[in-house]
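These are the residues of each chain, in order.
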Amino acid sequence: MNGSFLTRSSKRKLAGLAVSAILLLISMLCSVLYGLHYFGLKDLWQAYSHFDGSNEHLILTTARVPRTLVAALVGASLAVAGAIMQVLTRNPLASPSVLGVNAGAVLFIVIGLLAFGSSLTMSGMVWLAFAGAVATSAAVYTLGLQGGGFEPVKLTLAGACMAAFTSSITSGIILIDKQSLESALFWMIGSVEGRDLEHLLMVLPYMVIGLAISLLLASSLNIMALGDDSARNLGQRLTLVRVLSAAAIVLLAGSSVAAAGPIAFVGLIVPHLCRYMIGHDFKWLLPYTAIVGAILLVTADLASRFILETKEVPVGVATAIIGVPFLIHVARRKQHA
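None of the values given here were measured: they were computed from a predicted structure.

### Points about the side chain of threonine 89
Step number 1: Turning to its location among the elements, threonine 89 is positioned in the loop between α3 (55-88) and α4 (101-116).
Step number 2: A distance of 2.7 Å separates a polar side-chain atom of threonine 89 from the backbone oxygen of methionine 85.
Step number 3: Contact partners of threonine 89, with chain neighbours within four places excluded, come to Ala94, Pro152, Leu155 and Thr156.

As structure tokens, this is what we get:
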């Protein structure tokens, strides 16, 4: 947008990035300390310096800190994946769910529950979710290349069709085996509750590789945003950039769904907010989306603890409350542009 208020100089952008990083640290600290149980900084310090096995120390070290780290990394990954998807598909409403990542992950989880029942561990669910996300995304991208090469519209339609197809199969399986319904609903909504460091470490390498690929593609994405003809005239290798972009999306979105389930709207909201702040230069846009995405999901997770007095609401519900009005706003603005 031309109204971006941090585009005047690199110093402003760098200062804004530093402020965003500080806000992220503050939000993560609040997420660790506040919830159904309240803690102080002294409690957090003693939990790691003089761990005594008390309930307070266990909650901090095995619940609050891991879920905060998961929320931050998942938020960053989903936001960056959404920014890349929007330029790759040339669709301002694109987000990781467009590739059917969410629906594919849930389908594999439900199949695993049907096959293994209660013997399926949480770590097994994580790997099944990641496998489903990768398999579905690969199928969508393959379909998008059929019939005359890559076209953004075909990729978007292929993703929508695959998401509807896998969701229908999931619903059918749940009707057959209703015992899998409760666990399936947990993954359909999306939550960072109950995640530990083991789950995070399982998917962390994929997140790091996806973020690294994204940052390396920043200059190429700037050129891709100009359109295929302009990019080709500037010597851009379109197929290679698209394949690498798709790989980054699969790694980021797939690992995020595997860690926290299909959390919607983060990949849609954050890129638009960051473009408003700093413009369209992906060299700045990607770092900003990573940090702001982390802030959004950490804050949404914190807020979800206070929606109901006696029970925490899954963070996927909180992001939907924010995301639906934002989606309507973007769609209306695009219509009248």
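Now that the structure is up, let's keep going.
### What to know about the packing of α3 against helix α12 (residues 266-278)
Step number 1: Remark: α3 packs on α12, axes separated minimally by 7 Å, with the N-to-C direction vectors making an angle of 75 degrees. Here α3 lies roughly perpendicular to α12, going by the angle between them. Two secondary-structure elements touch here, α3 through Gly75, Leu78, Ala79, Gly82, Ala83 and Gln86 and α12 through Val266, Gly267, Leu268, Val270, Pro271, His272 and Arg275.

### Here we look at the confidence of the model for the protein chain
Step number 1: Model confidence for the protein chain is summarised by a mean pLDDT of 85, while 92% of its residues fall at 70 or above.
Step number 2: For the protein chain, the element scoring lowest by mean pLDDT is helix α7 (residues 181-189), at 67; helix α13 (residues 282-304) scores highest, at 95.

### Some remarks on the nonpolar core
Step number 1: Val74, Ile263, Val266 and Leu286 are the most contacted members of the largest nonpolar core, which has 75 residues in total.
Step number 2: Residues Leu44, Ala47, Leu60 and Val65 belong to the second largest nonpolar core, which totals 7 residues.

Each value, and the rule that gives it
Each chain has its residues counted from 1, following the order in which its sequence is written. Residues qualify for local features only when their pLDDT is at least 70, as the model is predicted, and side-chain atom pairs are given and counted only at 80 or more; totals for whole chains, interfaces and linings, by contrast, use all residues. Calculated side-chain values reflect all of the structure's heavy atoms, with hydrogen atoms and water omitted. Runs of H or I in DSSP of at least four residues are treated as helices and runs of E of at least two as strands, each being numbered from the N terminus. N or O atoms within 3.5 Å of each other form a polar contact, as long as, within protein, one can give a hydrogen and the other can take it, and as long as residues adjacent in sequence are counted only when both atoms are side-chain atoms. Between two residues, a contact is recorded if the distance between any of their heavy atoms is within 4.5 Å. The convention used is that axes are lines fitted to C-alpha atoms, helices contributing only their stretch in contact, and that angles between N-to-C directions extend from 0 to 180 degrees. Comment on the angle field: the value is read as roughly parallel under 35 degrees, roughly antiparallel over 145, roughly perpendicular from 65 to 115, and oblique elsewhere. Known as pLDDT, the predictor's per-residue confidence is scaled from 0 to 100. In this text, buried Ala, Val, Leu, Ile, Met, Phe, Trp, Tyr and Cys residues form a nonpolar core when linked through side-chain atoms within 4.5 Å. Partly exposed residues are those whose accessible area sits between 20% and 50% of the maximum for their type, while under 20% is buried and over 50% is exposed, using a 1.4 Å probe and protein chains only.

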